[in-house]
Amino acid sequence: MAAYSLRFSLPLCLSSGLLLILVFPKFNLSPLSAFALVPLLVVAVKDSAPGRRFLWGTLSGCVFFSGTCYWIYGVMRNYGG
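Owing to the predicted nature of the structure, the values given are computational and were not obtained by experimental measurement.

Calculation notes
Residues numbered from 1 in each chain as written. Predicted model: local features only at pLDDT ≥ 70, side-chain atom pairs only at ≥ 80, totals over all residues. Heavy atoms only, no water. Helix = DSSP H or I, 4+ residues; strand = E, 2+ residues; numbered from the N terminus. Rg over C-alpha atoms; globule rule 2.2 N^0.38 Å. Buried < 20%, exposed > 50% of the residue type's maximum accessible area, 1.4 Å probe, protein only. Contact = heavy atoms within 4.5 Å. Expected span 1.5 Å × (residues − 1). Arc of directions from axis to C-beta. Phe/Tyr/Trp six-rings, centres within 6.5 Å; stacked < 30°, edge-to-face > 60°. Lys NZ or Arg CZ within 6 Å of the ring centre and 35° of its normal.

Trainee: I keep staring at the overall build of the chain and nothing clicks. Help me out?
Mentor: In terms of helices and strands, the chain carries 4 helices and 0 strands. Along the chain direction, N to C, the helices and strands of the chain fall in the order α-α-α-α. Taken over the C-alpha trace, the chain has a radius of gyration of 15 Å; the compact-globule value for 81 residues is 12 Å, which it surpasses by more than 25%. For the chain, the spread of C-alpha atoms along the principal axes amounts to about 50 × 25 × 15 Å. The 81 residues of the chain split such that 19% are buried. Pairs at least 24 residues apart make up 60% of the contacts formed inside the chain by residues separated by at least 6 positions.

In structure tokens:
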């Protein structure tokens, strides 16, 4: 099960984070919001260990967060002084 977790779960979690990034206004692919969490849910169903589920969810969330922080620079430049 560990080989499955690393080989398939990592790309699925990364793709879930990337799909969530594409939903934001810069890319404007809002229909993806219906399918963006599906890869992460597949990983959660296939992996039986709660600790690894937490790890995969955290990894997907970190990818999502790092991809959606692009707007901070523009806001600080225009309104921050």
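Trainee: Which parts of the structure should I look at to understand helix α3 (residues 50–67)?
Mentor: Each α-helix turn comprises 3.6 residues. Residues three or four places apart therefore point the same way. In this model α3 runs 26 Å from its N-terminal to its C-terminal C-alpha over 18 residues, within 8% of the 26 Å that 1.5 Å per residue would give. Where α3 is concerned, the buried positions are Trp56, Ser60 and Val63. Burial along α3 is one-sided: seen end-on, the buried residues are contained in an arc of 60°. Exposed side of α3, more than 90 degrees from the buried face: Pro50, Gly51, Phe54, Phe65 and Ser66 are the residues found there.

Trainee: Would you mind going over the packing of aromatic side chains with me for this structure?
Mentor: A ring pair, where both rings are aromatic, is described by two values, the distance of the centres and the angle of the planes. One pass over the structure, following the stated rule, counts 1 aromatic pair. The ring centre of Tyr70 lies 4.9 Å from the NZ or CZ of Lys26, which sits over that ring.

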